[in-house]
Structure formats: C-alpha cells, structure tokens
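If you want the building blocks of each chain, they are given just below.
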Amino acid sequence: MTKLCLFGATGGVGSLVVDQALARGIAVRGAEREWPDDAISDERLERVTADLLEGDLVSVIQGCDAVISTVGPGRDLSTLADPPPLYSRGTQRIVEAMRDTGVKRLVVISAAFADRSASVPEWFRAASVPLANLFGDMRKMERVLSGSVDIDWTAARPGWLLDEPLSGDLQVAENDLPPDSLRTRRADLAQFLIDCAMGDDWIHNTPFIARPEANSLERPTALLDEFLPH
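This text gives an overview of the structure that appears in the document. Starting from 1, residues in each chain are numbered consecutively following that chain's sequence as written. It should be noted that, the model being predicted, local features are given only for residues of pLDDT at least 70 and side-chain atom pairs only at 80 or more, the latter also being counted only at that level, while totals for whole chains, interfaces and linings use all residues. With hydrogens and water stripped out, all remaining heavy atoms of the structure feed into the side-chain values.

## Quick notes on the packing of aromatic side chains
The test is simple: Aromatic rings from Phe, Tyr and Trp, taking only the six-membered ring of Trp, are treated as a pair when their centres fall within 6.5 Å; an angle between ring planes under 30 degrees marks them as stacked, one over 60 as edge-to-face, and anything in between as tilted. For the purposes of this entry, the term helix denotes a DSSP run of H or I that reaches at least four residues, the term strand denotes a run of E that reaches at least two, and both are numbered from the N terminus. Burial classes follow relative accessibility: with a 1.4 Å probe on protein chains only, a residue under 20% of its type's maximum area counts as buried, one over 50% as exposed, and anything between as partly exposed.
Applying the stated criterion across every chain yields a total of 5 aromatic pairs. Measuring from centroid to centroid gives 5.7 Å for Trp123 and Phe124, while their planes differ by 80°, and the two rings are edge-to-face. Pairing Trp123 with Trp160 gives two aromatic rings, centres 6.5 Å apart and planes at 75°, and the pair type is edge-to-face. On the criterion of sequence distance, the pair formed by Trp123 in helix α5 (residues 122-127) and Trp160 in strand β7 (residues 160-162) is long-range, its members being 37 residues apart. Accessibility expressed as a relative area gives 28% for Trp123, which makes it partly exposed.

Okay, structure coming up:
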C-alpha cells in the first residue's frame, strides 16, 4: 500500500493513524470538514476538505489504495447523547464513493459496546446508557457494512478508549472482548487499523480489540473523571 485515505485525520485516533502511517512510509490523504491551524504538516500528508455527510467523497478516495474512517462526534456529553449519523450515513456514503472509484479495502471504528451481548461490567453498562443513540448508530453502520459484500470491510470494536502509549500487545477476539479486558489504547487501535488496511485480515468481520489495564484505569471513578470538565 502506498496511499491511505483517512477520514477523521485530526481526531484522537485519526491523528495517531497519520503519525504511525507516515512513520511506516505510507502516504496519507487526510479528510476533514475543517482543518485546525495547528494540524500536522508533512509532505507525505495531503490535506483535503470534505463534508462526510454532504460533500463529494469520490474525489477524496480516488487514487488511494485503502480507506480508514476514524470519524466520530465531539466528546461532550450532549453531542454523544444525540449524535449526527456519522457512523451509519457517513459510512454508507464512503461505501458508495468506494464503489465509484473501485477502491475495495475499508476499515472503520465501531465499539465493543455496540454489541449488546458484549461482556462488560454492569456498572459500565449502566453508566453508558446516555450513549445508547451513539451505539445504535454504530449498529446501523455495521448493518450497512454487512450488506456491502462487494467491499472488503472491517469494523474494529475497541473497548473504552484510553490515552496511553502504544503497548505492542493488543489482544484481538472474534466474538467478545478478550478476557479481563475493558479498555483499548488509542495508539494500539491506530496500529490495528493500519495493519488491517494493509492486508486482508478480518475482512467482513467485527473483531473486538482490547487489553487488560491497571485497575486504576478500569474502575468507575476513572470513567467519571474522563467525562468531567477539567
């Protein structure tokens, strides 16, 4: 693979995908609705402006070898509770544009918690009730992908995301979160997305990815602290 098309290039995971892809010698065409003034600048990063829900995506994807989508709503609770259809409608539009361009490989972010049967602590299930609409939109996205048999898609299902360095020992499972795992490092997720985009692992599948972390990072107070304003 020589060029990757990345939607959500300046987000928490997307910015790590950019950094890791460039470090691996992969050129990136990053797509954002608006680029911040302090966005990374690199001769191998092509920055384009695109509206995922309304704009032309064909020209964004044309000429790339694979597509990764790390888009997501803002992290404030009001937006998370009533999110725009970035996952469902946005992914549908990406798939349609990929068909027009002939690009086949697509890797997107879903969530372990979009699967109602995933093994998570009861306290976390209760605490995440306000995110029901977000997880519902992810389930709609996965249904869109399930019907897109002509696209080589993978929908990664990470656990509760965590800002910690790349671990190098991410665990992947097919049907549920790995044992004793609730959290997924954003850096690990970025590496997994790139690895999938570069190969044919987990095509037409929704792998769960996570790893055990310190108790201090998995208890209820950690969740509360991350959502409270600082």
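Now that the structure has been shown, we can carry on.
## Thoughts on the pairing of strand β5 (residues 105-109)
With respect to burial, β5 is a largely interior element, 5 of its 5 residues being buried. Alternating residues of β5 divide into Arg105, Val107 and Ile109 and Leu106 and Val108, and every residue in both groups is buried.

## A look at the packing of helix α1 (residues 14-23) against helix α7 (residues 186-198)
Test applied: Comment: axis = line fitted to C-alpha atoms, over the contacting stretch for helices; angle = value between 0 and 180 degrees taken between N-to-C directions. Roughly parallel refers to an angle under 35 degrees, roughly antiparallel to one over 145, roughly perpendicular to one between 65 and 115, and oblique to any angle outside these ranges. Crossing handedness is read from the near helix: turned anticlockwise from the far helix by less than a right angle, it gives a left-handed crossing, and turned clockwise, a right-handed one. Whether two residues are in contact is decided by their heavy atoms: any pair within 4.5 Å suffices.
Direction vectors running N to C along α1 and α7 enclose 55°, while the axes themselves pass 9 Å from each other. What the angle tells us is that α1 and α7 run oblique. Both α1 and α7 take part in a crossing whose hand is right-handed. Contacts between α1 and α7 pair Leu16, Val17, Gln20 and Ala21 from the former with Arg186, Ala187, Ala190, Gln191, Leu193 and Ile194 from the latter.

## Some details on the environment of Asn175
With respect to the helices and strands, Asn175 occurs in the loop between β8 (171-173) and β9 (183-185). For the pair Asn175 and Ala197, spaced 22 residues apart in the sequence, the C-alpha separation amounts to 21 Å.

Keep in mind these values describe shape, not function.
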